[in-house]
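Structure at a glance
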Amino acid sequence: MKKLIIALALGIGLTGFAQETTPQQNRANMEKMTPEQRQQKHLDRLTKELTLDAKQQVAVGKILTEKSAKAQDMKAQKDTRKASGDKMTTEERTAFKNAMQAEKADTEAKMKAVLSADQYQKWLDIREENKEKMKEKRRGGM
């Protein structure tokens, strides 16, 4: 009886431990990917979920490329600021936030022009789901 309980406890412990390593492996794979590869993966997923035709794929690909380039520029600016040890003033933070909101609105307008009404709504729903997942990850500590 004792051996059975020990074996059960060991099995449950190993199972729980094995499940924790999977998300870290996915994250490591994403970090190894180039921005172009991540963008292509994103485009492939959107193509599948939104059933994009060839013309829409090209247009959405251009939008994603522009968005990625602008995001990298903003990240580079933020990183150089962080490396120098300077903190952003409230005016700079406000300007940065406004620039991010303007970029988001621009992306939404471009996507709305390319996608049909149903596809656009589905795209917004997917974005909202992803936003919730990120909030959940942040709350969970990982």
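Note: the structure precedes this text.
Parameters and conventions
- Residues numbered from 1 in each chain as written.
- Predicted model: local features only at pLDDT ≥ 70, side-chain atom pairs only at ≥ 80, totals over all residues.
- Heavy atoms only, no water.
- Helix = DSSP H or I, 4+ residues; strand = E, 2+ residues; numbered from the N terminus.
- Buried < 20%, exposed > 50% of the residue type's maximum accessible area, 1.4 Å probe, protein only.
- Areas by Shrake-Rupley, 256 points an atom, 1.4 Å probe, with all protein chains shown as cover.
- Salt bridge = Lys/Arg side-chain N within 4 Å of Asp/Glu carboxyl O.
- Patch = residues over 30% accessible without salt bridge, like charges linked within 9 Å, V, L, I, M, F, W, Y side chains within 5 Å.
- Polar contact = N/O pair within 3.5 Å; in protein donor to acceptor, adjacent residues only side chain to side chain.
- Contact = heavy atoms within 4.5 Å.
- Lys, Arg positive; Asp, Glu negative; His and termini not counted.
- Charge placed at Lys NZ, Arg CZ, Asp CG, Glu CD.
- Expected span 1.5 Å × (residues − 1).
- Arc of directions from axis to C-beta.

**Description of the overall build of the chain**
Counting its regular elements, the chain contains 5 helices and 0 strands. Going residue by residue from the N terminus, the α and β elements of the chain occur as α-α-α-α-α. The 142 residues of the chain split such that 15% are buried. Counting only carbon and sulfur atoms, one obtains 58% of the accessible surface of the chain, whose full area is about 11400 Å².

**Notes on the pattern of salt bridges**
Inspection of the entire model under this criterion finds 6 salt bridges. With its nearest N and O atoms 2.5 Å apart, the salt bridge here joins Glu66 to Lys110. Linking Glu66 in helix α3 (residues 54–84) with Lys110 in helix α4 (residues 90–114), this pair joins segments that are 44 residues apart in sequence. For Glu66, a relative accessible area of 37% corresponds to the partly exposed category. The residue Asp106 makes a salt bridge to Lys110 at a minimum N-O spacing of 3.3 Å. Placement of the pair is Asp106 and Lys110 together in helix α4, with a separation of 4 residues, close to one helical turn. On the basis of relative accessible area, Asp106 is assigned to the partly exposed category, the value being 28%.

**Considerations on a nonpolar patch on the surface**
On the surface, a nonpolar cluster with roughly 600 Å² of combined accessible area is contributed by Met1, Leu4, Ile5, Leu8 and Ile12. Topologically, Ile5 is positioned in helix α1 (residues 2–32).

**Observations regarding the side chain of Gln119**
Mapping Gln119 onto the fold places it in helix α5 (residues 117–140). There is a polar contact of 3.2 Å between the side chain of Gln119 and the backbone oxygen of Thr51. Setting aside chain neighbours within four positions, we find Gln119 in contact with Leu50, Thr51, Leu52 and Gln56.

**Looking at a positive patch on the surface**
Together, Lys41, Arg45, Lys133 and Lys137 line one region of the surface with positive charge. Every element with two or more residues in the positive patch is listed here: α2 (35–50) and α5. On the accessibility criterion, Arg45 (37% relative accessible area) is partly exposed.

**Points about α2**
Each α-helix turn comprises 3.6 residues. Residues three or four places apart therefore point the same way. The terminal C-alpha atoms of α2, which comprises 16 residues, lie 22 Å apart, in line with the 22 Å expected from a rise of 1.5 Å per residue. The complete set of buried residues in α2 reads Gln39, Leu43, Leu46, Thr47 and Leu50. Down the axis of α2, the sector holding all buried residues measures 100°, keeping them to one side. Its buried side turned inward, α2 meets α3 and α5. Trailing α2 by a residue or two, Thr51 shows a phi angle of about 50°, which is positive.

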